[in-house]
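# Residue-level structural notes
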Amino acid sequence: MSSGDSPLPAEPGNPRSGMDGFVGRLRSLQTMGILCDVFLKGAEEAAAGIPCHRIVLSAHSTYFLTMFTSDYKESADRDIQLRNIDSRTLTELVTYAYTLDIAVAEENVEPLLVAALFLDFAPVVRMCWDFLESRLNASNCLRVQCLAGMHHNPRLAEKAHIYILQNFVRVAKTQDFLLINPEKIMELLASDNLFVETEDQVFEAVHRWIDYDRAGRTAHLTDVLQSVRTAFLGLTCHEKYFLDLVDFLTNSGPGNVSNYWSAETVATRRRPREYFEFQTVIVCVGGYDGERSLSTVDVFSPSTATVWRLANLPALLTGCGVAVLDGHSLFVCGGRTFPSRSRDGVSDVRRYDATANQWVDCAKTNIERYDGCTATLNGRIYTAGGYQEHGNAPMTFVEVYDPQTNGWQFVAELPFGLSKFAMVACGDRLYTFGGVSAVGSSHAVFSYDPAADVWSRLADMPTARSGCAGCVGPSGLIYVVGGNVTENARCVEAFNPAANQWVQKANMVRERSGAGAACVDGKVYVLGGNDSSDSGDSDSEDSDSEDSDSEDSDSIEVYDESSDRWTLHECRLPEVKHFFGCAVMKLKKDQKPVKSS
């Protein structure tokens, strides 16, 4: 046969590398069934299998290498059926064997992982584990922990376990939680490190779990109930608890009764959990008061309606970003000092040490930045956009911090340069809203997928704005508030990530630009900011000082989602400030306040 008679497609002009050409032609042989010597079938009976070459499968998989080089019957069979792998998953793995390309997604990661483990496709196994780790959330963490335990990935199993403990309240509201076995719920409830603010949250979770299958779970009631720290229950939950207890004692044998009242179990029910000592607070770090940058760190506790201060930052900073790891490790990234001889950004990163009430230096970012954004996603810190030097255009650079390596590395850049925008972590994505672009205030919205390292554009905000703030609300909507808005700086819009749609919400009481936003205990709070809608569109010498007559930038507003209503809170920040870092974290209830300086 001459080269012109070849059944393979002709090589394209300006071919890529020789290896790419080889892989492409090998894939063509497979799809056309040329020289294929084995046909694979999935669990479903099929008239025809997937045409393959034994040598290609053996090069990827020790499972197939052993099969084809042994004395087993399958070594000579033309048709091989793998009854524990569905046809779709098997097709994806065969395609990977010929192209080294596979799309791991939520809907296929579990069957793909199990099949890749069985067939020993090691690179695919690693991709699946990495995907599950990067997408760890309240809805899947129990399932991921189970998978990791079953398939011998102790590192991921431990990471998922820690995630469950630290996000117990949200995890307990998922369907997976209702399906866990008695041993698992008792393991969780026995932990002193269960991240709950009150024991009532534990009791309510137990009630949901029991009510899901009361007939089948009544036998486990004593074991589960004695894991509840009854000494710390509120009055209402205490009454419900003892009604359950009376019901249990009425129907239990003497052995169970004596076990319930044993000295060991009574002592356990009286031992406080570690996080009873903590309260959820909103911290406002650094900022600008209309005349100068600030080093103050203000704390607002919604539950106690109090405001106090932590130790000052080592430097005056405005336009800095903040993020919280593990609920109580506060990091401050970048920023700048103004007025000063230099108006450039910094690469400094500092962490607040709550035990010593002081700041410690961490690994610096790769580049300097200010007026960018910082957020936490999947146990890592992302910092994006902003300015590097005064007078330059907004940057596209994005960096991620891994606490395990204490290092920063670049990831996919923003689609275009942005500063003074809002960035929020929601589910397994980062979302950016508005900001200053090269042409002014933007209404663009982008999402970042860390598993694919890709930014995607979503539905634009109805209102272009910069200097806005954002947070995830109680129902999962992302609220974007205030900013530099042409007509109404009290404007609030909510984004539904699942539907990629926007909803208009009630206006705030005050106009605010450069404010902070956070959600605590089902309420959205907006703190500080500047009440002038003129600020923030440029980085001119005057852009930081033209709003110095703000009267309301120390006020706090609270939003009730059920009534769609904003009200001014009784508390105020210790001083006016805007363009500060804002985050939610846990602090010990006995944290010593620092007097205003």
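Note that the structure is predicted; figures quoted are calculated from it, not measured.

## A word on the pattern of salt bridges
Using the criterion set out here, one finds 31 salt bridges in the structure. Between Arg135 and Asp428 there is a salt bridge; the shortest N-O distance is 3.1 Å. Of this pair, Arg135 sits in the loop between α6 (122-134) and α7 (141-150) while Asp428 is found in the loop between β15 (422-426) and β16 (429-433), placing the two residues 293 residues apart along the sequence. We classify Arg135 as buried; its relative accessible area is 5%. Close ionic contact of Glu493 with Arg465 constitutes a salt bridge, the shortest N to O distance being 3.0 Å.

## Considering the sheet that holds strand β27 (residues 555-560)
Here we have 4 strands laid out as an open sheet, ordered β25-β26-β27-β28, and antiparallel in their pairing. Each end of this open sheet is capped by a strand with a single partner; those strands are β25 (516-520) and β28 (565-572). Adjacent strand axes in the sheet meet at a mean angle of 25° when their direction is disregarded. Taken together, the 5 bridges between β27 and β28 define a ladder with antiparallel strand orientation. Residue Asp560 lies in a different strand from β28, and its bridge partner there is Arg565.

## Remarks on the packing of aromatic side chains
Scanning all chains against the criterion turns up 20 aromatic pairs. Between Tyr401 and Trp408, the ring centres sit 5.2 Å apart and the planes meet at 40°, which makes this aromatic pair tilted. Accessibility assignment for this pair places Tyr401 and Trp408 in one class, buried. Each residue in the set Tyr63, Phe64, Phe68 and Phe118 is aromatic and connected to the rest through ring pairs, giving one cluster. We note Lys420 situated over the ring of Phe579; from NZ or CZ to the ring centre the distance is 4.8 Å. Across from the ring centre of Phe580, 5.8 Å away, lies the NZ or CZ of Lys577, which sits over that ring.

## Quick notes on the packing of helix α4 (residues 87-99) against helix α5 (residues 109-119)
Remark: α4 packs on α5, axes separated minimally by 10 Å, with the N-to-C direction vectors making an angle of 60°. Between α4 and α5, the interaxial angle falls into the category oblique. Seen from above, α4 lies across α5 with right-handed handedness. Contacts between α4 and α5 involve Thr89, Leu90, Glu92 and Leu93 from the former and Pro111, Leu112, Ala115, Ala116 and Leu119 from the latter. Taken together, the residues that form the contact of α4 with α5 break down as 7 nonpolar, 1 polar and 1 charged.

Parameters and conventions
- Residues numbered from 1 in each chain as written.
- Predicted model: local features only at pLDDT ≥ 70, side-chain atom pairs only at ≥ 80, totals over all residues.
- Heavy atoms only, no water.
- Salt bridge = Lys/Arg side-chain N within 4 Å of Asp/Glu carboxyl O.
- Helix = DSSP H or I, 4+ residues; strand = E, 2+ residues; numbered from the N terminus.
- Buried < 20%, exposed > 50% of the residue type's maximum accessible area, 1.4 Å probe, protein only.
- Pairing = 2+ DSSP bridges.
- Axes fitted to C-alpha atoms, helices over the stretch in contact; angles between N-to-C directions.
- Phe/Tyr/Trp six-rings, centres within 6.5 Å; stacked < 30°, edge-to-face > 60°.
- Lys NZ or Arg CZ within 6 Å of the ring centre and 35° of its normal.
- Parallel < 35°, antiparallel > 145°, perpendicular 65-115°, else oblique.
- Left-handed = near helix turned anticlockwise from the far one by under 90°.
- Contact = heavy atoms within 4.5 Å.
- Nonpolar A, V, L, I, M, F, W, Y, C, P; charged D, E, K, R; others polar.

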